[in-house]
Amino acid sequence: MNSFSFVFTSFSFNDFPIIIKIIWILAAIFFLILLFFIVYLKVLRHRLRVKEATNLELEKKYEELIITYVFADSGEGRINEAQSVIIEKIKPSLQNTNNRKIFIKSLMKLMGEVSGGTVNSVDKLFIALGLLKQARAKLQHKKWHIIAIGIRDLRVFKIKEVREEVKVHINHPRTEVRTQAYLYFIEVFGFEGLDFLDDLTAFISKWDQIGILGALENIKQQNMPDVKRWLCSENDSVVLLTLELVKIYNIFNTTKELLDLIHHNNADVRLKSIQVLSYFFCLEAVVPLKEIMNSLTEKEQIAVLKMLENMATEQDEAFILSHINSPVFDIKVMALKILKRINHGKFLAQKEDNKDSTHLKIIEFLEKN
Amino acid sequence: MDISVVLNYIIQVFHYLFFAYGFIVLTSCIFLAILSTIETKSYLRKNSFVNYKDVLSSKIAPSISIIAPAYNESLNIVENVRSLLSTHYVNYEVIIVNDGSKDDSLEKLIKNYDLEKVDYLINQKLKTKPIRAGVFKSKNPAFEKLVVVDKENGGKADALNVGLNVSKNDYVACIDVDCLLLEDSLQKMIKPFLEYTDKRVVASGGVIRIANSCKIENGKLLDVNFPKNKLVQFQILEYLRSFLLGRMAWSRLDGLLVISGAFGMFDKEIAIEVGGYDTATVGEDMEIVVRMRRYLEEQNIKYKVAYIPDPLCWTEAPDSYKILTSQRNRWTRGTIETLKLHKKIGFNPRYRILGMLSYPYWLIFERLAPIIEVMGMLFFILLISTRDLQWLYVLGFFTAAYLSSVIYTLISLLIEETTYHQYKKKGVGLQFVIAAFLEPLILHPVILYAAIKGNIDYYFNKNIKWGVMTRKGLSG
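Draft legend 1. Seen up close, the overall build of chain B. Along chain B, the regular secondary structure elements total 14 helices and 12 strands. Its C-alpha atoms give chain B a radius of gyration of 23 Å, within 12% of the compact-globule value 23 Å for 476 residues. Each of the three principal axes of chain B carries a C-alpha extent, and together these read 85 × 50 × 45 Å. Counting every position in chain B, which comprises 476 residues, the buried fraction comes to 57%.

Draft legend 2. Quick look at the nonpolar core. Grouped together as the largest cluster of nonpolar side chains are 270 residues, with contacts concentrated most on A:Phe103, A:Phe157, A:Leu216, B:Ile96 and B:Phe266. The element best represented in this core is helix α7 (residues 230-252) of chain B, accounting for 13 residues. Judged by nonpolar contacts, the second largest core, of 5 residues, contains A:Phe16, A:Ile20, A:Ile23 and B:Tyr393.

Draft legend 3. Expanded view of the side chain of B:Ser74. Tracing the sequence through the fold places B:Ser74 in the loop between β1 (64-70) and α3 (77-84). Other than its neighbours up to four places away in sequence, B:Ser74 contacts B:Asp103, B:Asp104, B:Ser105 and B:Lys108.

Draft legend 4. Quick look at the interface of chain A and chain B. Each partner contributes to the interface: chain A provides 53 residues, whereas chain B provides 55 residues. Here chain A packs against chain B, burying approximately 4900 Å² in sum over the two surfaces, 74% of which is carbon and sulfur. Summed over the shared surface of chain A and chain B, the result is 5 salt bridges. We note a salt bridge from B:Glu417 to A:Arg45, for which the minimum N-O separation is 2.6 Å.

Draft legend 5. Focus on the sheet that holds strand β8 (residues 200-210) of chain B. Residue and element names in this part refer to chain B. Taken in spatial order, the 10 strands line up as β3-β4-β5-β2-β1-β6-β11-β8-β12-β7 in an open sheet, and their pairing is mixed. Two strands bound the open sheet, and with one partner strand each, they are β3 (115-118) and β7 (180-181). Sheet analysis places strand β2 (residues 92-99) next to strand β5 (residues 146-151), joined by 6 bridges and oriented parallel. Considered in β5, the bridge of Asp99 is made with Lys151. Across the sheet, helix α5 (residues 156-166) lies against β1, β2, β4 (131-138), β5 and β6 (171-175), angled at about 140° from β2, the strand it touches most.

Draft legend 6. Local environment of helix α5 (residues 117-128) of chain A. Across its 12 residues, α5(A) extends 17 Å between first and last C-alpha, which sits within 8% of the 16 Å expected from 1.5 Å per residue. Positioned one or two residues after α5(A), A:Gly130 has a phi angle of 80°, which is positive.

Draft legend 7. Representation of the packing of aromatic side chains. What the rule picks out here adds up to 34 aromatic pairs over all chains. Relative to B:Tyr52, the ring of A:Trp207 lies with its centre 5.8 Å away and its plane at 70°, an arrangement referred to as edge-to-face. A residue pair is termed interchain when its members come from two chains, as with A:Trp207 in helix α10 (residues 206-217) and B:Tyr52 in the loop between α1 (3-47) and α2 (53-57). Here A:Trp207 and B:Tyr52 have matching classes, each one buried. Taken together, A:Tyr182, A:Tyr184, A:Phe185, A:Phe189 and A:Phe196 form an aromatic cluster joined through their ring pairs.

Draft legend 8. Broad picture of the environment of B:Ile131. Residue and element names in this part refer to chain B. The residue Ile131 is located in strand β4 in this model. In this structure Ile131 comes out as partly exposed when scored by relative accessible area, which is 33%. In the structure, Ile131 is positioned 112 residues away from Phe243 in sequence and 36 Å away in space, judged by C-alpha atoms. Excluding residues within four positions of it along the chain, Ile131 makes contact with Ile122, Val149, Asp150, Lys151 and Val162.

Draft legend 9. Structural context of a nonpolar patch on the surface. Residue and element names in this part refer to chain B. Among the surface-exposed residues, Val6, Tyr9, Ile10, Val13, Phe14, Leu17 and Met375 lie close enough to one another that they form a single nonpolar patch of about 620 Å² accessible area. Residue contributions to the nonpolar patch peak at 6 residues, all from α1. Its location among the elements puts Val13 in helix α1. Relative accessible area serves as the criterion here: at 36%, Val13 is assigned to the partly exposed category.

What counts and how
- Residues numbered from 1 in each chain as written.
- Chains lettered and ligands numbered in written order.
- Predicted model: local features only at pLDDT ≥ 70, side-chain atom pairs only at ≥ 80, totals over all residues.
- Heavy atoms only, no water.
- Helix = DSSP H or I, 4+ residues; strand = E, 2+ residues; numbered from the N terminus.
- Rg over C-alpha atoms; globule rule 2.2 N^0.38 Å.
- Buried < 20%, exposed > 50% of the residue type's maximum accessible area, 1.4 Å probe, protein only.
- Core = buried A, V, L, I, M, F, W, Y, C linked by side-chain atoms within 4.5 Å.
- Contact = heavy atoms within 4.5 Å.
- Buried area = accessible area lost by both parts, 1.4 Å probe.
- Salt bridge = Lys/Arg side-chain N within 4 Å of Asp/Glu carboxyl O.
- Pairing = 2+ DSSP bridges.
- Axes fitted to C-alpha atoms, helices over the stretch in contact; angles between N-to-C directions.
- Expected span 1.5 Å × (residues − 1).
- Phe/Tyr/Trp six-rings, centres within 6.5 Å; stacked < 30°, edge-to-face > 60°.
- Patch = residues over 30% accessible without salt bridge, like charges linked within 9 Å, V, L, I, M, F, W, Y side chains within 5 Å.
- Areas by Shrake-Rupley, 256 points an atom, 1.4 Å probe, with all protein chains shown as cover.

Have a look at this one:
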């Protein structure tokens, strides 16, 4: 008897062979999951649309209230009655997490657009609504992203009194928390805040360097602290960041430290030091760099030659000639370029001395450009 | 021994093999779905703190070269280049490599971007076809970021290698010239290269989204629409599944083997060290990633291939079965070539995740999947002809398999909705569900056919290379 006739003669599921039972139970489960997902997708899409509209409305409402609050400020340095009314209006709605998120977002948006007394006014609102207390509590949280949110809020609203509590997190295992902590110190304390580098053992990524330098750029009062100690830091990433500071803020009194750094163990530090010395047009660096040239990496050698592009004199001719036949294309180009400037005759003679096609191509290019 | 006993024994073995294969496929799908959900959540949480604006104005932000090969793209080349030039990143250049186009692409570029031939010293680190008309730059300062290289035809890989030679920056973004990049795509793609301190990020791949029916003006995506064409709808689901579930999960496992050729960023030093793109394969995008990973494993260098799930790059999907089968045929051949070329890493513990997980998965569930599926069909026909089948079991089996594939698609849709929610318009949800039910019945057989044809072409028709990919253009 085949299975179809079996179905027609007996409709009882219990009589089916076990394998058929299993496969149909599985199909039924899949069907139910599918049904659930379809309904969930429908509900989810609807909720997302509604939430988007509600959030927009809420954002608009909060923005209006915040602006009214700011304009109600009498400049006496304390919260007045009109402002208290607005605070009482906002406070109950902030029990809801989503509302709180939107409110903080609106406040942050405003913080990015205002300055002077208005900043203090917004700060006071942040404190009066109990948000400071909440942000502070977040610093003790077990979850890293809650800590990061806490520091971010304290940073945006420039809360100074939590300095020590934030400092605890500068070496946090999560990079996102560390980033927020670095930015807190810069945005709240300006250049003075850079002293967190003294206690930093974690590595600052290039991405964080960009963030830190970006935050520093926005600070008007540029009272740069003494950076020499960070050029001698045991944390290589601190040295690298400081080298960027030295270059961007033209800290010329660091030449001695920079010259020491060309002997550093870390190749990135050496490379950056050479680039900064080159930027400073530091003639004292030429002799020591020429001496250690052969022990340097390819990138460092190119950086040294780039430095010599403008600094080399006839006295450097022998050194330059020793690099003209380098197998590294960029070194060869740089050396020939320098030779063209310091001894044009010898540069032209290179055409006869070396018939290699790449060599001739470079000379031909340099002759025209 | 009786022949029928032997046959019966063979059938039993095959039966269990197919069952095991199906079971592992289902389990791996569940596993990948869980992993991708975790990874997506983690990515979004991490990135909720990121300020991408700093990198735009930073003096120390690295320079990036966008390399876009173009072959007979005259129809849209001017608009496409304008789109590439309108990204928000500051330190970048756009290198258009005109790969021996027979149309007037170069003339159009010269005319529209005020180009002039310049002396350009190229370090020929990678061997390529020679330069044809030369290197061009614009006289207009507004287009100072544009470099156009005209070379003899050598294929996409060769054109990309020319771009690698011409680029003077440390990072290169290799893209299809007809792709539409969102304005913040470069800063998002460069981030992984700058944020890891304990390993070297050598490549980052982005999600590719389908732009058919979307509203695009002046190279900018203005409105996302769900297309009416069923074939394109199916491909949208397929891409969501692949990028939001598959690749996200592989990224979590640190086992990504592919970065889409439509948009990927590379550490140029490593890309050149491994010899650049392979001109002998049609799957050059997958091949270079596998070769880079293999090289880094062999050198014992700590590395990462990063993946960005944000919808950064939008492209035009084939809207005809003919072009689609040609595209998938090429993808199949590319996969076969890459896996064959790097067979040494397969099941080799020396290559860790790459050798013991990524390669075997690709071999068994990507490379061999269409073959196993066809074998399964033949086996089924054999069973019908030789056995008295339990049709109720057969029906139940196909129902369960079909429903599980729809569930998998719905999971990717749910992830899309809870994360990027790109298709916001009312009614799209229902269209999604209908497409999810139809896709296994309509698109899958086409893909299977293309994959089998790809296998046949690979073994018996070696002369086939890229095939024609006719595009209509994204700008409406």
